[in-house]
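# Observations on chain architecture
Listed below are the residues making up each chain.
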Amino acid sequence: MKRAQIFSLDAFIALTLTILLIGTISATSESLRNAISSVVSWYERANIPDNMLDVLLKTPGEPSNWNEDLVLLKSIGLREEDSPFISYEKALMFFNLVENQNPLVLDFLENLSLGKPFCFEFYLGVWNFTADFTWNPNASGVLSEFEVYSGECTIRGNRELTFTDPTIIQCAPFDVKGSASISSDAPLCILGSVDTHGSLTITVGHYPPPAGGPYPYLAINGDWVITGAVTVNVGGNAYIGGALIVRGEGARTINIAKDLVIFGDNTTNPYLIDISGSATINIGISGYLPGNLYLKVGNTWYASNKTGEWYEWSGEGWRKVSEPPVIRTTGSSSLNINGYPLSETWSPPTPPPCFTANLPIEVSSVNLDYTYPQALNRSEAWGRVAYFKNNFTVNLVEIPENASWVEYASRVVSVDMRKYNTTIEVTSNYTRLISGVLKYTPPAYARFEIRVPNETGYALFIIMDGEDTKLLGVVKTRVSPYVRAYLWTNATGNVSLQKTYVGNETSVRIRWVDVFSEFSSETGKPIEIWIYETNFSDPIYIVDEYNIGLLLDRKYELGLVKLWVWDER
């Protein structure tokens, strides 16, 4: 080193390299810090959806029964307290609180999302029901002088039915599979077909009737199909809206004190009298009370006032003809007619007044299908809450395309759909009212009451009883002060009326075992009740007098949860 020289060339080079190295390290450190910061930021935002779903779906909330009392609410969780499944009741409460802009819930969600915009959607499978029905508020289903049969439309086992007043049986069909004895002191009218597979005894009035009457009638507004044993004694006329059909062998005796009138309107059978088995039919009582047989074929009337003799009404008089082609008798049958002379001023008979007593609500068909949550569109979400532009909404929110980042998470969950209350308020259509797995058959004495407003209206319920579908109609008409109910079954696509009920002026009571039939499965039976449609202006109430909830276990369905979180700029 020369005198007065501060740095040598080697020292200068070393210093330069040191400065360059320090600068490089500093720049690298800054880049590394930025990279680490970016990774941390990504990890933080990537975990927001999962963290939110963990809190909402894996915890019951604090307290665990927060949905029953919000006063002590600290955190919201949709999980059941004692199981890993989602509680339908908590989810329902959660979305109701969001829709009502509850500040406790909204603050919780904003903190849970770290203030980031999000859209949380909950999907449940969708039942699609379609019921074709008619409503006539001016039809009471019963004339003022008639009582209404309140009982089963399918008779199994041994049954005795006794009526003292004029009675309408609103069953279509009235199906006798067991052994039934029906006795009526007054007119008896059945509004549908009668199928007799078992043993049936019908007595209407006295046979023979006392001189001068009374002469109560039997009316069947449909086919009378007899394949079992039948004994019928009618102290007056008998009316059949369809056809008289007798099949097979057995003891069949039909005694009609006066006329038998077959209108032939409500049948698809090609023969109006179709007897291929054994039967004895006596019309009129020889030497005491005459009776004729009248048949309507299209618009033409035929009459017989003596066994084997037939006449056709021309509009101006009677002319003798051969036996009408709508009669077929084979086997050991006997049709005995003990009649009276045919009048030249004759007028065709009219149907009995009870035939015009249509039901106020009649169901012709019902269809249902189920769509799984994975197949639903976003617009079909069962529940939704979105936080967007510092506001909460339950409306569909499109995820912004210009967001700098969007994180998405989804979960498939099992939802406990058990739903029950001892008193249920019905205010809207297409709503699930009761859901669960029935562990045991309800006892015969267990009943529930349906209370309706004091106004004209109807309510139609759809019932899922295991694999079977039923419908329950409850009505209050303009012409009857009493609430009435009708229960239909939907078997193989055919809707048939199974039972009718008559209540008081404000309510009607129904047996649980009628809507949820007897079963023997050890695993229970899934059941549900939905309100399909009501036009009452005020709420309806279902009041369980037995507490069937004690017999209801949890019922699980698949659910789907989707969550988007993004950056708002």
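Right, let's walk through the structure included here.

## Considerations on the pattern of salt bridges
Under the criterion given, the structure shown has 28 salt bridges. For Glu557, the salt bridge is made with Arg432, and the minimal N-O distance between the two is 3.7 Å. Separated by 125 residues along the polypeptide, Glu557 in strand E45 (residues 556-566) and Arg432 in strand E35 (residues 431-438) bring together distant segments of the chain. Across the pair, Arg432 and Glu557 agree in class, each one buried. Note that Lys470 and Asp465 form a salt bridge whose closest N and O atoms lie 3.3 Å from each other. For Asp465, a relative accessible area of 2% translates into the label buried. Via salt bridges that share partners, Glu152, Arg159, Lys499, Arg511 and Asp514 belong to a single interconnected network.

## Quick word on empty space enclosed by the protein
A complete count under the given rule lists two cavities of 30 Å³ or more for this structure. Forming the boundary of the largest cavity are Leu218, Ile220, Trp224, Ala238, Tyr239, Ile240, Leu244, Ile254, Ile256, Leu260 and Ile281. Where the lining of the largest cavity is concerned, the elements lending two or more residues are strand E15 (218-220), strand E18 (238-240) and strand E20 (252-256). Take the lining of the largest cavity: its biggest share by element is three residues, from E18. Of the residues assigned to the lining of the largest cavity, the class counts are eleven nonpolar, no polar and no charged.

## A few points about the sheet that holds strand E3 (residues 86-87)
Spatial ordering of the open sheet is given by E3-E33-E45-E4-E31-E32, a layout of six strands whose pairing is mixed. In this open sheet, the two edge strands, each paired with only one partner strand, are E3 and strand E32 (391-393). As paired strands, strand E31 (residues 383-388) and E32 are joined by three bridges and run antiparallel to one another. Residue pairing in the sheet places Tyr387 in a bridge with Phe392 of E32. Relative to E32, helix H3 (residues 103-112) is tilted by about 110 degrees, and along the sheet it contacts strand E4 (118-124), E31 and E32.

## Section: unusual backbone geometry
Leaving glycine aside, a negative phi is the common case for residues, and trans is the common case for peptide bonds. Of note, the amide linkage connecting Tyr207 to Pro208 takes the cis form, showing an omega dihedral of -10 degrees. Put simply, Gly213 and Pro214 share a cis peptide bond, and its omega is 10 degrees. With respect to the secondary-structure elements, Pro214 resides in the loop between strand E14 (199-204) and E15. One non-glycine residue with positive phi stands out, namely Gln101, at about 60 degrees. With respect to the helices and strands, Gln101 occurs in the loop between helix H2 (88-99) and H3. On the basis of relative accessible area, Gln101 is assigned to the partly exposed category, the value being 40%.

## Regarding the pairing of strand E25 (residues 300-306)
Of all seven residues making up E25, five are buried, and the element is well covered by its neighbours. Pairing of E25 with strand E26 (residues 309-313) involves three bridges; the strand directions are antiparallel. Paired with Lys306 across the strands is Glu309, a residue of E26. As consecutive antiparallel partners, E25 and E26 are separated by two residues, and within that stretch Gly308 has a phi angle of approximately 85 degrees, a positive value.

Reading the values: rules and limits
- Residues numbered from 1 in each chain as written.
- Predicted model: local features only at pLDDT ≥ 70, side-chain atom pairs only at ≥ 80, totals over all residues.
- Heavy atoms only, no water.
- Salt bridge = Lys/Arg side-chain N within 4 Å of Asp/Glu carboxyl O.
- Helix = DSSP H or I, 4+ residues; strand = E, 2+ residues; numbered from the N terminus.
- Buried < 20%, exposed > 50% of the residue type's maximum accessible area, 1.4 Å probe, protein only.
- 1 Å grid on protein atoms, 1.4 Å probe; cavity = no way out; pocket = protein on both sides within 12 Å on 5 of 7 lines; lining within 4 Å.
- Points joined across faces, edges and corners; volume = space filled by probe spheres on them.
- Nonpolar A, V, L, I, M, F, W, Y, C, P; charged D, E, K, R; others polar.
- Pairing = 2+ DSSP bridges.
- Contact = heavy atoms within 4.5 Å.
- Axes fitted to C-alpha atoms, helices over the stretch in contact; angles between N-to-C directions.

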